[in-house]
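Structure at a glance
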Amino acid sequence: MIYINDLTFEEMKEYIKKIGEKPFRAEQLFRFFNSEKKLNLNESSNLPKSLRDLDVSKIKIHKIFNSELDETKKFLFSLDDGNLIEGVLMKYKYGYAQCISTQVGCRMNCSFCASTKKGLVRNLRPSEMLGQIYQVEKAFDINVSNVILMGSGEPFDNFDNLLKFLEIIHDEKGHNMSYKNITISTCGISPKIYELADYNKKITLALSLHNPFNEERKKIMPIAKKYDINEVIKACKYYEEKTGTRVTFEYTLIDGVNNKDAHANELSKLLKGMRSHLNIIPLNPIEEYQEKRPDRKKVEDFKNKMNKLGLNATIRRELGSDISASCGQLKRSSEVEH
């Protein structure tokens, strides 16, 4: 089945030509979905009846959770098939950033991440990724300026739909978002890092690193059994050279697991020569993972060690922790009571 709002503008033109409609209908439809952010074709008085019966992929906001600590909002989105996915809207001085999901669930099985605990159900279509943004913008009459693909799912495990999402959201006839304002997070599927590098757009790549020693990394991130950390870092260096963008390394700090002097020293060796940014994230609790979050002093000490070793390291500002909206806490919510 073809969902008409999954199509890039070029695909839309081809489809309209194929069904024998006038060429200008392609832009009309593309703008309807991606600029006007509408889903019901019957709302368009300009479309002929023959185009109002096209299949449209729908998504809607199911529930909103408001943080009492800051202005963060967490969303449950309902999909056509009844699945629910989560996303987060964060307010910064520069505007709004939204963290979106790319899959229903995840199969990467990182031990400290809630998203993967029920496994992978299916990939999200481009329209379902875009729809998370469009529905939030419409509901609050805002413009989301930055998008982070760091919700449920591994974006590179849904690579073809990811590329279509990027093309559509960047299109000037749609949201017209700069590639520079998009961050894609991966646990380290190195062949896809090379592919995205060759796509050659100024997209920020964020690697979920979490441990510089491959044998230790395997224990918390099974992907390390397939792609060695040195191989992944080599791909990140290629990405940096090809695109001219600085790679961000996400590092969830787990007390007694990855915050020792040996980890700091190995990190400095691993990232030597890169214009990288180390984003330190104190472990956010989930019920399925029993390791401990380090106290604030240990977090500060680790950051200072990294700075002294010559790395640009910062501690991520924690948002929405009271509504389980922080990094690692988003999950597939179809079986969860809220």
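Sequence order as written defines the numbering, with residues in each chain counted from 1. With the structure being a predicted model, the display of local features is reserved for residues of pLDDT at least 70 and the display and counting of side-chain atom pairs for 80 or more, all residues being used for whole-chain, interface and lining totals. Only hydrogens and water are set aside; all other atoms, that is, all heavy atoms of the structure, feed into the side-chain values.

With respect to the UniProt feature "binding site: S-adenosyl-L-methionine" (unreviewed entry) in the chain
Here, UniProt's "binding site: S-adenosyl-L-methionine" (unreviewed entry) annotation points to Gly 153, Glu 154, Ser 185, Ser 208, Leu 209, His 210 and Asn 284. Overall, the relative accessible area of 0% leaves Leu 209 in the buried class. Residue contacts are defined here by distance: any two heavy atoms, one from each residue, within 4.5 Å place the two residues in contact. Not counting the four nearest positions on each side in its chain, Leu 209 is found in contact with Arg 217, Met 221, Ile 229, Phe 249, Glu 250, Tyr 251, Leu 267 and Leu 270. Helix and strand assignments follow DSSP, with helices taken as H or I runs no shorter than four residues and strands as E runs no shorter than two, numbered in order from the N terminus. Within the secondary structure layout, His 210 lies in the loop between β9 (204-208) and α6 (214-220). The buried label applies to any residue whose accessible area, calculated with a 1.4 Å probe on protein chains only, is under 20% of its type's maximum; exposed applies above 50%, and partly exposed to all values in between. For His 210, a relative accessible area of 4% translates into the label buried. UniProt positions are given in the numbering used here, feature names are shortened, and annotations may be inferred rather than shown by experiment.

Structural notes on the side chain of Ser 208
Note that Ser 208 resides in strand β9. The class of Ser 208 is buried, set by a relative accessible area of 13%. The contact partners of Ser 208, leaving out residues within four places of it in the chain, are Ser 185, Thr 186, Cys 187, Arg 217, Met 221 and Glu 250.

Digging into unusual backbone geometry
The phi dihedral of Asn 109 is positive, around 60 degrees, even though this residue is not glycine. Mapped onto the elements of the fold, Asn 109 is located in the loop between β5 (103-105) and β6 (120-123). Residues other than glycine seldom take positive phi values, yet His 210 does so here, at roughly 70 degrees.

A few points about the pattern of salt bridges
One speaks of a salt bridge when a side-chain nitrogen belonging to Lys or Arg is within 4 Å of a carboxyl oxygen belonging to Asp or Glu. As enumerated under the stated definition, the model contains 22 salt bridges in all. Here Asp 198 makes a salt bridge to Lys 242, at a shortest N to O gap of 3.9 Å. Residue Asp 198 is located in helix α5 (residues 190-199), and its partner Lys 242 is located in helix α7 (residues 229-243); the two are separated by 44 residues in the primary sequence. Classification of Asp 198 by relative accessible area gives partly exposed; the value is 45%.

Considering the environment of Arg 296
Mapping Arg 296 onto the fold places it in helix α9 (residues 296-308). Residues Arg 296 and Lys 17, spaced 279 residues apart in sequence, show a C-alpha to C-alpha distance of 60 Å.

Description of the environment of Tyr 227
Of note, Tyr 227 is situated in the loop between α6 and α7. Residue classification places Tyr 227 among the buried residues on the basis of a relative accessible area of 12%. Note: C-alpha distance between Tyr 227 and Lys 117 (110 residues apart in sequence) is 21 Å.

Things to note about the environment of Ser 57
Positionally, Ser 57 belongs in the loop between α2 (24-34) and β1 (59-66). Along the chain, Ser 57 and Ser 190 lie 133 residues apart, while their C-alpha atoms are 31 Å from each other. With residues up to four places along the chain from it excluded, the contact list for Ser 57 reads Tyr 3, Asn 5, Leu 39, Asp 80, Arg 125, Ser 127 and Glu 128. Residues adjacent in sequence count toward polar contacts only when both atoms are side-chain atoms; beyond that, a polar contact is any pair of N or O atoms within 3.5 Å, and within protein one must be able to donate a hydrogen and the other to accept it. Here the side chain of Ser 57 touches Arg 125 through a polar contact of 2.8 Å, side chain to side chain.

Things to note about the nonpolar core
For the purposes of this section, nonpolar cores are sets of buried Ala, Val, Leu, Ile, Met, Phe, Trp, Tyr and Cys residues that join through side-chain atoms within 4.5 Å. The biggest cluster of nonpolar side chains holds 88 residues, and the ones touching the most others in it are Leu 29, Phe 165 and Phe 249. Val 88, Met 90, Ala 97 and Cys 99 belong to the second-largest nonpolar core, a separate cluster that totals five residues.

Focus on the sheet that holds strand β3 (residues 84-92)
With respect to topology, 10 strands assemble into an open sheet ordered β1-β2-β3-β4-β7-β8-β9-β10-β11-β12, the strand pairing being mixed. Of all the strands in the sheet, just β1 and β12 (313-315) have a single pairing partner and so form its edges. Each adjacent strand pair in this sheet contributes to an overall mean axis angle of 25 degrees, direction not counted. Here the rule is simple: two strands pair whenever DSSP picks up at least two bridges between them. Note that strand β8 (residues 182-186) and β9 share four bridges and pair parallel. Under this scheme, a helix contributes an axis fitted over its contacting stretch, all axes are lines through C-alpha atoms, and angles between N-to-C directions fall in the 0 to 180 degree range.

Digging into the confidence of the model for the chain
The predicted coordinates should not be examined in detail at positions where pLDDT is low. Summing up the model confidence of the chain, the mean pLDDT is 92 and the portion of residues at 70 or higher is 92%. Scored between 0 and 100, pLDDT is the confidence that the predictor attaches to each residue. Low pLDDT, under 50, characterises residues 328-338; the predicted model gives this stretch 46 contacts beyond four residues in sequence or across chains.

Describing empty space enclosed by the protein
With a 1 Å grid spanning the protein atoms alone, the term cavity applies to any set of points in which a 1.4 Å probe fits but cannot get out, the term pocket to an open set with protein on both sides within 12 Å along at least five of seven lines, and the term lining residue to any residue with an atom within 4 Å of a point. Grid points are joined across faces, edges and corners, and a volume is the space filled by probe spheres set on the points. Per the counting criterion, the structure on display carries one cavity of 30 Å³ or more. For the largest cavity, the full set of lining residues is Asn 5, Phe 33, Asn 34, Lys 37, Lys 38, Leu 39, Ser 127, Leu 130, Gly 131, Tyr 134 and Gln 135. Ten residue types, Ala, Val, Leu, Ile, Met, Phe, Trp, Tyr, Cys and Pro, are classed as nonpolar, four, Asp, Glu, Lys and Arg, as charged, and the remainder, Gly among them, as polar. In the lining of the largest cavity, the residues fall into four nonpolar, five polar and two charged.

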